[in-house]
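Residues per chain are reported as follows:
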Amino acid sequence: MAGQVLPEDHEDYWTLTTTILTRAAVGEVSQLHDRTQVTLPPSFWDEWLDAGQDGDQTLVDAAVAAATPVAEALEFHQVGPLKGTGQSWWCRSIHEALAIGSSSQWVV
């Protein structure tokens, strides 16, 4: 998922913060909610993580555009109650849910 951090020279750099970039929902997820996370494809990771990149609206718009095929390809399935806990369960499940084509590596 796309997120952001403060630049190293920002006065609040060491303040612990978390941000998740969201967008208007598309595809099947729009039936569940009007917003969804910007889930970046591997082809956009380097551009998003480039510390020399200006974090402006142009970059955000490009990230949303790059994430659109990922969001449109998500499939949803009804499941029973959650059995199991912990990050390893969640990470394995989200990786399986987001795998598209031959790529099984995603920023989550």
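Residues numbered from 1 in each chain as written. Predicted model: local features only at pLDDT ≥ 70, side-chain atom pairs only at ≥ 80, totals over all residues. Heavy atoms only, no water.

1. Things to note about the overall build of the chain
Piece 1. Across its full length, the chain holds three helices and two strands.
Piece 2. Sequence-distant contacts in the chain: of pairs separated by 6 or more residues, those separated by 24 or more amount to 45%.
Piece 3. Carbon and sulfur atoms make up 53% of the accessible area of the chain, which amounts to about 8,000 Å² in all. (Helix = DSSP H or I, 4+ residues; strand = E, 2+ residues; numbered from the N terminus. Contact = heavy atoms within 4.5 Å. Areas by Shrake-Rupley, 256 points an atom, 1.4 Å probe, with all protein chains shown as cover.)

2. Quick notes on the environment of Glu-47
Piece 1. By the element assignment, Glu-47 lies in helix 1 (residues 42-49).
Piece 2. For the pair Glu-47 and Ala-63, spaced 16 residues apart in sequence, the C-alpha separation works out to 8.9 Å.
Piece 3. In this structure Glu-47 touches Gln-53 and Leu-59, once residues within four positions along its chain are discounted.

3. Quick word on helix 2 (residues 57-73)
Piece 1. The terminal C-alpha atoms of helix 2 lie 25 Å apart, and with 17 residues this matches the ideal 24 Å at 1.5 Å per residue to within 8%.
Piece 2. At Ala-67, helix 2 shows its maximal kink, close to 40°; a proline, Pro-69, follows between one and four residues later.
Piece 3. All of the buried residues in helix 2 are Leu-59, Ala-63, Ala-67, Thr-68, Val-70 and Ala-71.
Piece 4. Those residues of helix 2 that are buried lie in contact with strand 1 (22-24) and helix 1. (Expected span 1.5 Å × (residues − 1). Bend = angle between axes of the 7 residues up to and from the residue. Buried < 20%, exposed > 50% of the residue type's maximum accessible area, 1.4 Å probe, protein only.)

4. Considerations on the packing of helix 1 against helix 2
Axis angle and axis distance: for two packed helices, these are the angle between their axes and the distance between the axes, and together they describe the pair.
Piece 1. Here helix 1 crosses helix 2 at 165°, and the two axes come no closer than 10 Å. When the axes of helix 1 and helix 2 are compared, the pair comes out roughly antiparallel. When you trace helix 1 past helix 2, the crossing you get is left-handed. Here Phe-44, Glu-47 and Trp-48 of helix 1 lie close against helix 2, whose contacting residues are Leu-59, Ala-62, Ala-63 and Ala-66.
Piece 2. Its residues assigned to classes, the contact of helix 1 with helix 2 shows six nonpolar, no polar and one charged. (Axes fitted to C-alpha atoms, helices over the stretch in contact; angles between N-to-C directions. Parallel < 35°, antiparallel > 145°, perpendicular 65-115°, else oblique. Left-handed = near helix turned anticlockwise from the far one by under 90°. Nonpolar A, V, L, I, M, F, W, Y, C, P; charged D, E, K, R; others polar.)

5. A look at the environment of Ala-67
Piece 1. With respect to the element layout, Ala-67 can be found in helix 2.
Piece 2. In sequence terms Ala-67 and Phe-44 are 23 residues apart; their C-alpha atoms lie 8.6 Å from each other.
Piece 3. Setting aside chain neighbours within four positions, we find Ala-67 in contact with Arg-23, Val-38, Thr-39 and Pro-41.

6. Quick notes on the confidence of the model for the chain
The predicted coordinates ought not to be read in detail in places where the model reports low pLDDT.
Piece 1. In the predicted model, the chain carries a mean pLDDT of 75, and 64% of its residues have values of at least 70.
Piece 2. Across the chain, element-level confidence peaks in helix 2 with a mean pLDDT of 92 and bottoms out in helix 3 (residues 87-98) with 53.
Piece 3. Considering only residues more than four positions removed or in separate chains, one finds that residues 100-108, a stretch of pLDDT under 50, has 25 contacts. (pLDDT = per-residue confidence, 0-100.)

7. Overview of the nonpolar core
Piece 1. Listed in full, the eight residues of the largest apolar core are Leu-21, Val-38, Leu-40, Phe-44, Trp-48, Leu-59, Ala-63 and Ala-67.
Piece 2. Among the secondary structure elements, those contributing two or more residues to this core are helix 1 and helix 2.
Piece 3. In terms of residue count, helix 2 provides more of this core than any other element does, three residues in total. (Core = buried A, V, L, I, M, F, W, Y, C linked by side-chain atoms within 4.5 Å.)

8. Remarks on the side chain of Thr-36
Piece 1. As for its position among the elements, Thr-36 is in strand 2 (residues 35-37).
Piece 2. A residue is classified by how much of its surface remains accessible, and Thr-36, at 8% relative accessible area, is buried.
Piece 3. If we ignore the near neighbours within four places in the chain, the residues touching Thr-36 are Leu-21, Thr-22, Arg-23, Ala-24, Ala-25 and Val-29.

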